[in-house]
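Spelled out, the chains give:
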Amino acid sequence: MATIVGVVFKKGGKVHYYDPDRLSLRVGDEVMVPTPKGPEFAVVVVPPREIPDPRCSGQLQKVIRRATDRDRQQKERNEFRRDRAWRKCQELIAKHQLPMKLVDMDYAFDGSSITFYFTAEGRVDFRALVRDLASTLKTRIELRQIGVRDEAKMIGGLGPCGRPLCCVTFLNQFHPISIRMAKEQHLPLNPAKISGICGRLMCCLHYEQEAYRRFLRWVPAVGEEVETERGPARVVAHDVLHERVTLELEGGEKFSVPASYFGPPPQDVEPEEEVEDEVVEDTDEELAPD
């Protein structure tokens, strides 16, 4: 058994796992951990727990120590320097008239480097910007172009459901989302209803997709003719959550049957093909069903 602890470097950021090195840590504790850029200030979000794979223990780096008052003071100084670097970067972007939007930045704990994250429609030649930033801020500068979903994760906000964005609260990685998922889940193909604030299809379409695909392989499709004990009938509706199918007899009478009426459930469902994320235009027009 190996013991691990999960930490984040910023709110809503990716969870990184370390060996707690016998420290008794709780959620919310502040610690110093090793990174490729040097020691960094982090907050515990996953308390120490044991995992069955002993190989992880040799691969994980150890937590350096609990954060001290001196570490917290350094973090506060970095926040002040961060604000200055942010304003200077905005000024220089305007000066060079670059078609880019500054989204976020990472300031190394020891001040040895600054990473700026931005979005842009296409490729941007920011070499002159990097030179000016390095000359002004006297540290190593790195610029990274990110996508709109990463931008939403960094900035945060509320989704159409009224809750904080999933990518901010718990999603550590993005899955490709396609229009076919919305079709298979019988959702209204209205971009205004199935797209997130990032302009892409909502990440939550992925959550129940496997259950829908399993159900659709299990029962006849809507519109299909089937033979029943009461005579020929047509499938008119699916109830995936309750695993039931609504049938309509030739005389117009409707009744429902459990999905098991059509046989045992499929044991294996083929994995979803990897597709590129689809951009949804901001419009109230319904998308074509096919």
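Being a predicted model, the structure only gives us computed values, none of them experimental.

About the cut-offs
Residues numbered from 1 in each chain as written. Predicted model: local features only at pLDDT ≥ 70, side-chain atom pairs only at ≥ 80, totals over all residues. Heavy atoms only, no water. Pairing = 2+ DSSP bridges. Helix = DSSP H or I, 4+ residues; strand = E, 2+ residues; numbered from the N terminus. Buried < 20%, exposed > 50% of the residue type's maximum accessible area, 1.4 Å probe, protein only. Arc of directions from axis to C-beta. Contact = heavy atoms within 4.5 Å. Right-handed = clockwise from strand over helix to strand, strands pointing away. Axes fitted to C-alpha atoms, helices over the stretch in contact; angles between N-to-C directions. Salt bridge = Lys/Arg side-chain N within 4 Å of Asp/Glu carboxyl O. Phe/Tyr/Trp six-rings, centres within 6.5 Å; stacked < 30°, edge-to-face > 60°.

Novice: For the pairing of strand β4 (residues 40-51), give the residues involved together with the corresponding values.
Specialist: When strand β1 (residues 2-8) meets β4, the two strands line up antiparallel, connected through six bridges. Bridge pairing in β4 places V8 opposite V43. Of the strand pairs in this sheet, strand β3 (residues 30-33) and β4 are connected by four bridges, and their pairing is antiparallel. Pairing of E30 across the sheet is with V43, part of β4. Hairpin connection, β3 to β4: the antiparallel pair is bridged by six residues, and G38 has positive phi, about 110 degrees.

Novice: Give me the lowdown on helix α3 (residues 127-137), citing residues and values where you can.
Specialist: Owing to its 3.6 residues per turn, the α-helix brings residues three or four apart onto one side. Those residues of α3 lying buried are L129, L133 and L137. Along the axis of α3, the buried positions cluster into a sector of 40 degrees, meaning they face one direction only. Of the exposed residues in α3, those oriented more than 90 degrees away from the buried face are R127 and R131. Those residues of α3 hidden inside the fold are in contact with α2 (69-96), β7 (113-119) and β8 (140-145). Once α3 finishes, K138 follows within two positions and takes phi at roughly 60 degrees, a positive value.

Novice: Residue-level account of the side chain of Q185, with values.
Specialist: Assignment of secondary structure puts Q185 in the loop between α6 (179-184) and α7 (191-194). Take Q185: its relative accessible area is 9%, and that puts it in the buried class. Dropping the residues within four chain positions of it, Q185 is found in contact with L205, Q209 and Y212.

Novice: Describe the pairing of β8, with residues and values.
Specialist: Each regular strand displays side chains that alternate between the two surfaces of the sheet. Where β7 lies against β8, six bridges are found, and the strand directions are parallel. Residue pairing in the sheet places I114 in a bridge with I141 of β8. Between the parallel elements β7 and β8, the chain passes through α3 in a crossover that is right-handed.

Novice: Got a sec to walk through the sheet that holds strand β6 (residues 101-107)? Specific residues and values, please.
Specialist: An order of β6-β7-β8 is seen for the three strands of this open sheet, with the pairing classed as mixed. With one partner strand each, in any of the chains shown, β6 and β8 form the two edges of the open sheet. Averaged over neighbouring strand pairs, the angle between their axes works out to 25 degrees when direction is ignored. Bridging between β6 and β7 involves six bridges; their strand directions are antiparallel. Paired with M105 across the two strands is F116, which belongs to β7. The sheet strands contacting α3 are β7 and β8, and the helix crosses β8 at an angle near 145 degrees.

Novice: Account for the pattern of salt bridges, with residues named and values stated.
Specialist: A side chain with one charge can pair with a side chain of the opposite charge if their charged atoms come near. Applying the stated criterion across every chain yields a total of 17 salt bridges. With a closest N to O distance of 2.9 Å, R127 and D125 form a salt bridge. Exposure remark for R127: the relative accessible area of 56% places this residue in the exposed category. Among the salt bridges present, the one from R214 reaches E243, with a minimum N-O distance of 3.2 Å. You can see R214 sitting in helix α8 (residues 209-218) and its partner E243 sitting in the loop between β10 (231-239) and β11 (244-249), a full 29 residues away along the chain. Here R214 falls in the partly exposed class, since its relative accessible area comes to 25%. Beyond isolated ion pairs, a larger network of salt bridges with shared partners links K10, R82, D104 and D106.

Novice: I'd like to hear about the packing of aromatic side chains, residue by residue, with values.
Specialist: On inspection of all chains with the given rule, the structure shows four aromatic pairs. Ring geometry for F170 against Y207: centres 6.3 Å apart, planes inclined by 45 degrees, an arrangement best described as tilted. With F170 in the loop between α5 (166-169) and α6 and Y207 in the loop between α7 and α8, this pair connects stretches of sequence that are 37 residues apart. Residue classification places F170 among the partly exposed residues on the basis of a relative accessible area of 47%. With relative accessibility at 40%, the residue Y207 sits in the partly exposed group. Ring plane angle 80 degrees and centroid distance 5.3 Å describe the contact between Y261 and F262, whose orientation is recorded as edge-to-face. Here Y261 falls in the partly exposed class, since its relative accessible area comes to 35%.

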